[in-house]
Amino acid sequence: MKLSGGVEWALHCCVVLTAATEPVPAARLARLHDVSPSYLAKQMQALSRAGLVTSVQGKTGGYALTRAASEITVLDVVHAVDGASPAFVCTEIRQRGPLGTPPQDCTKPCAIARVMTAADAAWRASLQQVSIADLVGSVEQDSGPEALPAIGAWLNPSNPGDGT
């Protein structure tokens with residue numbers, strides 16, 4: 001399985017949005033993460049299309065989570081950014097070449113397709129079990145309980161001297 005870098009950025013944004021008290025502009029999120037604003041805006045739009053964040057227009061506009069962090073899973077974010085297509089797609093290689101198996105004899109997936117499908121299901125099930133709230137808890141464990149409140153204060157658009 002290979003995920004795009006956009007998944008990482010989107011997950012980080014979902015985590016820090018839990019600390020925000022009002023919608024956060026994509027440009028501010030980009031500055032926080034030191035990433036291109038246009039690149040991050042693309043990830044935020046994907047999250048918005050999937051209904052994970054809402055976009056608020058206007059002077060105090062920006063992005064906010066649409067529901068509790070405990071109700072958004074890592075898999076939800078992966079699907080929003082990279083889509084829900086399986087990591088492995090069988091092309092029936094066993095039917096090719098001079099000794100290929102005739103299509104009518106291929107009534108069930110081959111061993112390779114079965115193991116790859118099972119692996120795909122396993123990683124999706126694992127990501128489905130982890131919520132944004134779980135990630136927030138891990139951030140608090142790793143960085144201390146003051147980390148996210150400090151980020152929340154920085155994200156607040158009325159924060160003087162923040163340069164944005």
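Colleague: What am I meant to see in the overall build of the chain here?
Modeller: Broken down by element type, the chain carries seven helices and two strands. Helices and strands appear in the chain in the N-to-C order α-α-α-β-β-α-α-α-α. On C-alpha atoms alone, the chain measures out to a radius of gyration of 21 Å, which is more than a quarter above the 15 Å that the 2.2 N^0.38 rule sets for 164 residues. The principal-axis extent of the C-alpha atoms belonging to the chain is close to 70 × 30 × 25 Å. Within the chain, the proportion of its 164 residues that are buried is 34%. In the chain, the proportion of contacts linking residues at least 24 apart, taken out of those at least 6 apart, comes to 68%. Accessible surface computed for the chain: about 9500 Å², of which carbon and sulfur atoms make up 57%. Where the 12 positive side-chain charges of the chain centre and where its 14 negative ones centre are 10 Å apart.

Colleague: Whenever I open this one, the packing of helix 3 (residues 37-49) against helix 4 (residues 74-82) confuses me. Can you help?
Modeller: The relative placement of two packed helices comes down to the angle between their axes together with the axis-to-axis distance. The N-to-C vectors of helix 3 and helix 4 enclose an angle of 115 degrees; their axes lie 8 Å apart at closest approach. One finds that helix 3 runs roughly perpendicular with respect to helix 4. Considering only the axes of helix 3 and helix 4, their crossing is right-handed. Across the interface between the two elements, Gln43, Ala46 and Leu47 from helix 3 touch Val77, Ala80 and Val81 from helix 4. Looking at the contact of helix 3 with helix 4, its residues break down into five nonpolar, one polar and no charged.

Colleague: Help me understand the packing of helix 1 (residues 5-17) against helix 6 (residues 132-143), please; the structure alone is not making it clear to me.
Modeller: Two elements in contact, helix 1 and helix 6, have axes separated by 9 Å at closest approach and are oriented at 80 degrees. Classified by the angle their axes make, helix 1 and helix 6 are roughly perpendicular. The residues of helix 6 that touch helix 1, namely those facing Leu11, Cys14 and Val15, are Ile132, Leu135, Val136 and Val139. Here the residues of the contact of helix 1 with helix 6 sort into seven nonpolar, no polar and no charged.

Colleague: Sorry if this is basic, but what is going on with a nonpolar patch on the surface here?
Modeller: Taken together, the side chains of Ile112, Val115 and Met116 present a nonpolar region at the surface, about 280 Å² in accessible area. For isoleucine 112, a relative accessible area of 56% gives the class exposed.

Colleague: Which parts of the structure should I look at to understand the packing of aromatic side chains?
Modeller: The relative placement of two aromatic rings is captured by the distance of their centres and the angle of their planes. This structure, assessed with the given rule, holds zero aromatic pairs. Its guanidinium or amino end placed over the ring of tryptophan 154, arginine 28 lies 5.1 Å from that ring's centre, counting from NZ or CZ.

Colleague: What's the story with the nonpolar core in this structure? I'm lost.
Modeller: Buried together is how nonpolar side chains tend to be arranged in soluble globular proteins. Core analysis: the largest hydrophobic core is formed by 36 residues, its most contacted members being Leu17, Leu29, Met44, Leu47, Val77 and Ile132. Mapped onto this core, the elements with two or more residues apiece are helix 1, helix 2 (26-33), helix 3, strand 2 (62-65), helix 4, helix 5 (111-128), helix 6 and helix 7 (147-155). Per-element tally for this core: the top contributor is helix 1, with eight residues. Isoleucine 132 has contacts with Leu11, Cys14, Val15, Thr18, Ala69, Ile72 and Val77, leaving out every residue within four places of it along the chain.

Colleague: It is not clear to me how the confidence of the model for the chain should be interpreted in this structure. Could you clarify?
Modeller: Chain-level pLDDT for the chain is 91 on average; 95% of the residues reach the 70-or-more range. Mean pLDDT values over the elements of the chain span from 92, in helix 7, up to 97, in helix 4. With pLDDT under 50 throughout, residues 159-164 is counted as low confidence; its partners more than four residues away or in other chains account for eleven contacts.

Colleague: I would appreciate a short explanation of unusual backbone geometry in the present structure.
Modeller: Peptide bonds are mostly trans, and most non-glycine residues show a negative phi. Its identity is not glycine, yet aspartate 34 carries a phi of approximately 55 degrees, on the positive side. Along the polypeptide, aspartate 34 turns up in the loop between helix 2 and helix 3. Under the relative-accessibility criterion, aspartate 34 is labelled exposed at 71%. The backbone phi angle of glutamate 92 is positive, close to 55 degrees, even though this residue is not glycine. When you line up the elements, glutamate 92 lands in the loop between helix 4 and helix 5. Glutamate 92 gets classed as partly exposed once you look at its relative accessible area, which sits at 24%.

Cut-offs used in this document
Residues numbered from 1 in each chain as written. Predicted model: local features only at pLDDT ≥ 70, side-chain atom pairs only at ≥ 80, totals over all residues. Heavy atoms only, no water. Helix = DSSP H or I, 4+ residues; strand = E, 2+ residues; numbered from the N terminus. Rg over C-alpha atoms; globule rule 2.2 N^0.38 Å. Buried < 20%, exposed > 50% of the residue type's maximum accessible area, 1.4 Å probe, protein only. Contact = heavy atoms within 4.5 Å. Areas by Shrake-Rupley, 256 points an atom, 1.4 Å probe, with all protein chains shown as cover. Lys, Arg positive; Asp, Glu negative; His and termini not counted. Charge placed at Lys NZ, Arg CZ, Asp CG, Glu CD. Axes fitted to C-alpha atoms, helices over the stretch in contact; angles between N-to-C directions. Parallel < 35°, antiparallel > 145°, perpendicular 65-115°, else oblique. Left-handed = near helix turned anticlockwise from the far one by under 90°. Nonpolar A, V, L, I, M, F, W, Y, C, P; charged D, E, K, R; others polar. Patch = residues over 30% accessible without salt bridge, like charges linked within 9 Å, V, L, I, M, F, W, Y side chains within 5 Å. Salt bridge = Lys/Arg side-chain N within 4 Å of Asp/Glu carboxyl O. Phe/Tyr/Trp six-rings, centres within 6.5 Å; stacked < 30°, edge-to-face > 60°. Lys NZ or Arg CZ within 6 Å of the ring centre and 35° of its normal. Core = buried A, V, L, I, M, F, W, Y, C linked by side-chain atoms within 4.5 Å. pLDDT = per-residue confidence, 0-100.

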